[in-house]
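So the chains spell out like this:
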Amino acid sequence: MTQDELKQAVARAAIDYIVDGEIIGVGTGSTANFFIDELGKVKHRIRGAVASSEATAARLRSHGIAVLDLNDVQDMPVYIDGADEITRTGAMIKGGGAALTREKIVASVARRFVCIADGSKLVDMLGQFPLPVEVIPMAHAVVGRKLAALGGKPVLRIRDGQPLVTDNGGYIIDVHGLQIADPVALEDEINNIVGVITNGLFARHGASVCLLGRQDGVETLSFG
């Protein structure tokens, strides 16, 4: 199967984790898009969805799925999203789609995080994929210097010749060259840098379940 076919397989498998009559949290990115397309086929089963980005909200609405403001939602059974990397302990790097802050916020409300990914995203140690860090624009240079002091190579994410601006008005610094042996500690350390909005380590509150697309089917990994 192609990578897209693997993503589609895990997207279909994730439908088993939605809870009838409830609200679902939905992530951002190519794998999440496959899930949204599958969710559109069973939209009658849910009350609506909370989106982790403006792009996700638009795709949900295109399928006729009601998009709810997180401020109006007190509880969600499940949040479903992809990952750029995930370990066998459920720690993840996310943010390749620049939606890491809203993804982390929406995921924090859900009782379970179901990660959907193709098998190439499973790693022994996080860090081969650059770690995204969302920052206040005026602080990107000083934050970059502090990230370099942690041993990484910070690169401001550029799109069309200008710094990429997130849905929150922040910039993204991608930190290359890290080997993240203790993702919980690094997540906390980076979040404590003044000027950081949040970083793409989902380790303190990682995945509950991961559905991995393999050539021979979907593998289910459960954490905790």
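Residues numbered from 1 in each chain as written. Predicted model: local features only at pLDDT ≥ 70, side-chain atom pairs only at ≥ 80, totals over all residues. Heavy atoms only, no water.

**Concerning the pattern of salt bridges**
Applying the stated criterion to the full structure yields 13 salt bridges. Residue Glu219 pairs with Arg88 through a salt bridge whose shortest N-O separation is 4.0 Å. Placement of Glu219 in strand 15 (residues 217-222) and of Arg88 in the loop between strand 4 (85-86) and strand 5 (92-93) is noted, with a sequence separation of 131 residues between them. We note a salt bridge from Arg214 to Glu219, for which the minimum N-O separation is 2.9 Å. The class of Glu219 is partly exposed, set by a relative accessible area of 25%. Bridged by salt links that share partners, the residues Asp81, Lys94 and Glu103 form one connected network. (Salt bridge = Lys/Arg side-chain N within 4 Å of Asp/Glu carboxyl O. Helix = DSSP H or I, 4+ residues; strand = E, 2+ residues; numbered from the N terminus. Buried < 20%, exposed > 50% of the residue type's maximum accessible area, 1.4 Å probe, protein only.)

**Remarks on the sheet that holds strand 7 (residues 131-135)**
By way of backbone hydrogen bonds, the strands of a sheet pair with one another, either parallel or antiparallel. Strand order across the open sheet formed by four strands is 8-11-7-12, with antiparallel pairing between neighbours. At either margin of the open sheet sits one strand with a lone partner, and together these are strand 8 (153-156) and strand 12 (196-199). Neighbour-to-neighbour, the strand axes of this sheet turn through a mean angle of 30°, independent of strand direction. Seen against the sheet, helix 6 (residues 183-191) touches strand 7 and strand 12 and runs at an angle of roughly 165° to strand 12. (Pairing = 2+ DSSP bridges. Axes fitted to C-alpha atoms, helices over the stretch in contact; angles between N-to-C directions. Contact = heavy atoms within 4.5 Å.)

**A closer look at the packing of helix 2 (residues 30-41) against helix 3 (residues 54-62)**
The packing of two helices is summarised by the inter-axis angle and the distance between the axes. Running from N to C, helix 2 and helix 3 cross one another at 25°; their axes reach a closest spacing of 9 Å. As far as their axial angle goes, helix 3 and helix 2 are roughly parallel. When the axes of helix 2 and helix 3 are compared, the crossing they make is right-handed. Together, Asn33, Ile36, Asp37 and Leu39 of helix 2 and Thr56, Arg59 and Leu60 of helix 3 make up the contact between the two elements. For the contact of helix 2 with helix 3, the class distribution of residues is three nonpolar, two polar and two charged. (Parallel < 35°, antiparallel > 145°, perpendicular 65-115°, else oblique. Left-handed = near helix turned anticlockwise from the far one by under 90°. Nonpolar A, V, L, I, M, F, W, Y, C, P; charged D, E, K, R; others polar.)

**Overview of the packing of aromatic side chains**
Tallied over the entire structure, the rule returns two aromatic pairs. An angle of 75° between the planes, with centres 5.1 Å apart, marks the rings of Tyr79 and Phe113 as edge-to-face. Of this pair, Tyr79 sits in strand 3 (residues 76-81) while Phe113 is found in strand 6 (residues 110-118), placing the two residues 34 residues apart along the sequence. Classification of Phe113 as buried rests on a relative accessible area of 4%. (Phe/Tyr/Trp six-rings, centres within 6.5 Å; stacked < 30°, edge-to-face > 60°.)

**Concerning the pairing of strand 6**
In terms of burial, strand 6 is largely enclosed, as seven of its nine residues are buried. Here strand 6 runs beside strand 14 (residues 209-214); their pairing, made up of five bridges, is parallel. When the sheet's bridge partners are listed, Ile116 is paired in strand 14 with Leu211.

**Digging into helix 1 (residues 3-14)**
Residue pairs three or four apart in sequence face the same way in an α-helix, which turns once every 3.6 residues. End to end, helix 1 covers 17 Å across twelve residues, agreeing with the expected 16 Å (1.5 Å per residue, within 8%). Looking at the buried residues of helix 1, the elements they touch are helix 2, strand 3, strand 6, strand 14 and strand 15. (Expected span 1.5 Å × (residues − 1).)

**Digging into the side chain of Lys104**
Looking at where Lys104 falls in the secondary structure, it is placed in helix 4 (residues 100-109). Judged by its relative accessible area of 17%, Lys104 is buried. Within polar-contact distance, the side chain of Lys104 engages the side chain of Glu187 at 3.0 Å. Contact partners of Lys104, with chain neighbours within four places excluded, come to Glu187, Asn191, Thr198, Asn199, Leu201 and Phe202. (Polar contact = N/O pair within 3.5 Å; in protein donor to acceptor, adjacent residues only side chain to side chain.)

**As for a nonpolar patch on the surface**
Residues Ile136, Met138 and Ile197 make up a contiguous nonpolar surface patch of roughly 320 Å² in combined accessible area. Considering the arrangement of structural elements, one finds Ile136 in the loop between strand 7 and helix 5 (140-149). Residue classification places Ile136 among the partly exposed positions, given a relative accessible area of 39%. (Patch = residues over 30% accessible without salt bridge, like charges linked within 9 Å, V, L, I, M, F, W, Y side chains within 5 Å. Areas by Shrake-Rupley, 256 points an atom, 1.4 Å probe, with all protein chains shown as cover.)

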